[in-house]
Amino acid sequence: MKNLWIIILLALFIAGCGKKAEEKKQPSGIDTTAMKTSPLQNPNQQFVLRYKFEKGKRYSYKMASFTEDKQTVHADTTFTDQVKQSIVYSLDISLNNVDKDSVLDLSCDINSILLDAFANGQFFSYRSGVTTDTVEKRKYAQYDAMVNNPFNVRINKYGGILEISNIDNVISKFLRLKGMTKSASLEERESLRQNIIENALKPLVTQLFREMTPNVVAKDSNWTFVQPPTPFLIFKLENTNLYKVDNLEKYNNDKVATIAAGLHTVISGDTKYEERGAVFQFKKPVTSASGKIYFNITKGLIQKSNVQTQVDIFYTMEMPTPKGKQKGTKTEVITSKNVVELL
């Protein structure tokens, strides 16, 4: 949920840079439908969900993130707003090395990013390699810096992300696009490094390398992963990812596990917040997630995934004005769909 909120904030930030357009352009080239598999002769056999990329082979993926934020405010008048954002990444993965502890050192190369968004009645877009205007590229520096600048990811054999590194070229390009190459201090560079890793690269690679259970599993097996607590608005969210093997199937000549993904969230914290005479009374947000992950057991990787999340927010507000206290309510629904597809 933290990553989803970061994406929405980013969308709101760059939306102000948009230009009016006559029609909305949508990224294409990724299949959002369910994967077509066929029955396996023995779907009840046991297996292990282990990543096993081959050295010397290049794996090409497409990833897409579709987010939408709908807001309605009721006060003296009713105000509605909507932000939509679509991003499609094309990237290649190759194996550099596997150490004695079965840790995989991988190289990730993002070779294309297509972005479209709508906010405040405006459309805007970015196309890597096509958007060449200096001013426009500066607006989308956080994306342009990642294109054709490979970085490294270390994961364990079950997909747990251990380290993201080798991003010096990403940082250098970002600073150059922003005109900050000479002015950025060492402290600012280090802060930028952490920000890029945690808020830009990690949300991507966690879609590619979803952590799997080390246990031997079969059809109807289930497991959970408890995530570290994260702040959200005035609350603390404790998320638990839920997984269940729905079936073992066949895709071409490979065995593929179909895994259902879900989410359980425990929300804690005060529901009341006051600042400068304004009083906000929140309901606890409602979160949900669902989707399918197709793990190719034969090849040892995610063949495809399609996961949706939703957050519902509601609060009342009361604030002082020259004419007395003004009351209002706000409803917000944030939805996201993340799709990964091996080409």
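Residues numbered from 1 in each chain as written. Predicted model: local features only at pLDDT ≥ 70, side-chain atom pairs only at ≥ 80, totals over all residues. Heavy atoms only, no water.

### So, the packing of aromatic side chains
Both the distance between ring centres and the angle between the ring planes are used here to describe each pair of aromatic rings.
Okay, so step 1: For the coordinates displayed, the defined rule picks out 15 aromatic pairs.
Okay, so step 2: Judged by centre distance (5.9 Å) and plane angle (70°), the ring pair of phenylalanine 280 and tyrosine 315 falls under edge-to-face. Separated by 35 residues along the polypeptide, phenylalanine 280 in strand E13 (residues 278–282) and tyrosine 315 in strand E15 (residues 301–321) bring together distant segments of the chain. Of the two residues examined, phenylalanine 280 and tyrosine 315, each falls in the buried class.
Okay, so step 3: Put simply, the rings of Tyr51, Phe53, Tyr59, Phe209 and Phe295 touch in pairs and so form one group of aromatic residues. (Phe/Tyr/Trp six-rings, centres within 6.5 Å; stacked < 30°, edge-to-face > 60°. Helix = DSSP H or I, 4+ residues; strand = E, 2+ residues; numbered from the N terminus. Buried < 20%, exposed > 50% of the residue type's maximum accessible area, 1.4 Å probe, protein only.)

### A few points about the side chain of asparagine 338
Okay, so step 1: Position of asparagine 338 relative to the elements: it lies in strand E16 (residues 324–342).
Okay, so step 2: According to the relative accessible area criterion, asparagine 338 is buried, its value standing at 16%.
Okay, so step 3: The contact partners of asparagine 338, leaving out residues within four places of it in the chain, are Ala64, Ser65, Gln207, Ser305, Asn306 and Val307. (Contact = heavy atoms within 4.5 Å.)

### Considering unusual backbone geometry
Okay, so step 1: Residues other than glycine seldom take positive phi values, yet asparagine 148 does so here, at roughly 60°.
Okay, so step 2: The residue asparagine 148 is located in the loop between helix H3 (141–144) and strand E6 (151–155) in this model.
Okay, so step 3: Of note in this structure, asparagine 252 is not a glycine but carries a positive phi near 55°.
Okay, so step 4: Considering the arrangement of structural elements, one finds asparagine 252 in the loop between strand E10 (235–251) and strand E11 (254–268).
Okay, so step 5: What makes asparagine 252 exposed here is its relative accessible area of 59%.

### Here we look at the pairing of strand E12 (residues 272–275)
In the case of a regular strand, side chains alternate between the two sheet surfaces.
Okay, so step 1: Taken together, the 4 bridges between E12 and E13 define a ladder with antiparallel strand orientation. Each bridged residue has a counterpart across the sheet, and for lysine 272 the counterpart in E13 is glutamine 281.
Okay, so step 2: The turn joining E12 and E13, which pair antiparallel and follow one another in sequence, is formed by 2 residues; a positive phi near 50° is taken by arginine 276. (Pairing = 2+ DSSP bridges.)

### Observations regarding the pattern of salt bridges
Okay, so step 1: Taken as a whole and judged by the stated rule, the model has 16 salt bridges.
Okay, so step 2: Measuring nitrogen to oxygen at the nearest pair gives 2.2 Å for the salt bridge that ties aspartate 246 to lysine 292. With aspartate 246 in strand E10 and lysine 292 in strand E14 (residues 286–296), this residue pair connects regions lying 46 residues apart in the sequence.
Okay, so step 3: Under the relative-accessibility criterion, lysine 292 is labelled partly exposed at 30%.
Okay, so step 4: Bridged by salt links that share partners, the residues Asp99, Arg154 and Glu163 form one connected network. (Salt bridge = Lys/Arg side-chain N within 4 Å of Asp/Glu carboxyl O.)

### Re the environment of glutamate 163
Okay, so step 1: Checked against the element boundaries, glutamate 163 lands in strand E7 (residues 161–165).
Okay, so step 2: Since its relative accessible area comes to 36%, glutamate 163 is described here as partly exposed.
Okay, so step 3: The spacing of glutamate 163 and valine 48 is 115 residues in sequence and 23 Å in space, taken between C-alpha atoms.
Okay, so step 4: Apart from the residues lying within four places of it in its own chain, the contact partners of glutamate 163 are Asn152, Val153 and Arg154.

### Quick notes on the nonpolar core
Okay, so step 1: By size, the foremost hydrophobic cluster in this structure holds 65 residues, and its most contacted members are Leu49, Phe53, Tyr61, Tyr89, Ile93 and Phe209.
Okay, so step 2: Among residues more than four places away in sequence, those in contact with phenylalanine 209 are Tyr51, Phe53, Ile93, Leu106, Cys108, Val153, Ile155 and Gly159.
Okay, so step 3: Counting 13 residues, the second-largest nonpolar core is a separate cluster that includes Phe235, Phe280, Phe282 and Ile313. (Core = buried A, V, L, I, M, F, W, Y, C linked by side-chain atoms within 4.5 Å.)

### A look at the confidence of the model for the chain
Okay, so step 1: When pLDDT is averaged along the chain, the result is 89, and 92% of the positions lie at 70 or above.
Okay, so step 2: For the chain, helix H1 (residues 2–15) is the element with the lowest average pLDDT, namely 34, and E6 is the one with the highest, namely 98. (pLDDT = per-residue confidence, 0-100.)

### Notes on the packing of helix H4 (residues 168–178) against helix H5 (residues 186–208)
Okay, so step 1: The N-to-C vectors of H4 and H5 enclose an angle of 115°; their axes lie 10 Å apart at closest approach. Considered as vectors, H4 and H5 are oriented roughly perpendicular to each other. When you trace H4 past H5, the crossing you get is right-handed. Of H5, the residues touching H4 (which contributes Asp168, Val170, Ile171, Phe174 and Leu175) are Arg189, Leu192, Arg193 and Ile196.
Okay, so step 2: Residues that form the contact of H4 with H5 fall into these classes: 6 nonpolar, no polar and 3 charged. (Axes fitted to C-alpha atoms, helices over the stretch in contact; angles between N-to-C directions. Parallel < 35°, antiparallel > 145°, perpendicular 65-115°, else oblique. Left-handed = near helix turned anticlockwise from the far one by under 90°. Nonpolar A, V, L, I, M, F, W, Y, C, P; charged D, E, K, R; others polar.)

### Brief notes about the pairing of E10
Okay, so step 1: Where strand E1 (residues 38–39) lies against E10, 2 bridges are found, and the strand directions are antiparallel. Opposite proline 39, over in E10, you have glutamate 249 as the bridge partner.
Okay, so step 2: Strand direction decides the pairing type here: strand E8 (residues 222–226) and E10, joined by 5 bridges, are antiparallel. Bridging from a neighbouring strand, valine 226 pairs with threonine 240 of E10.

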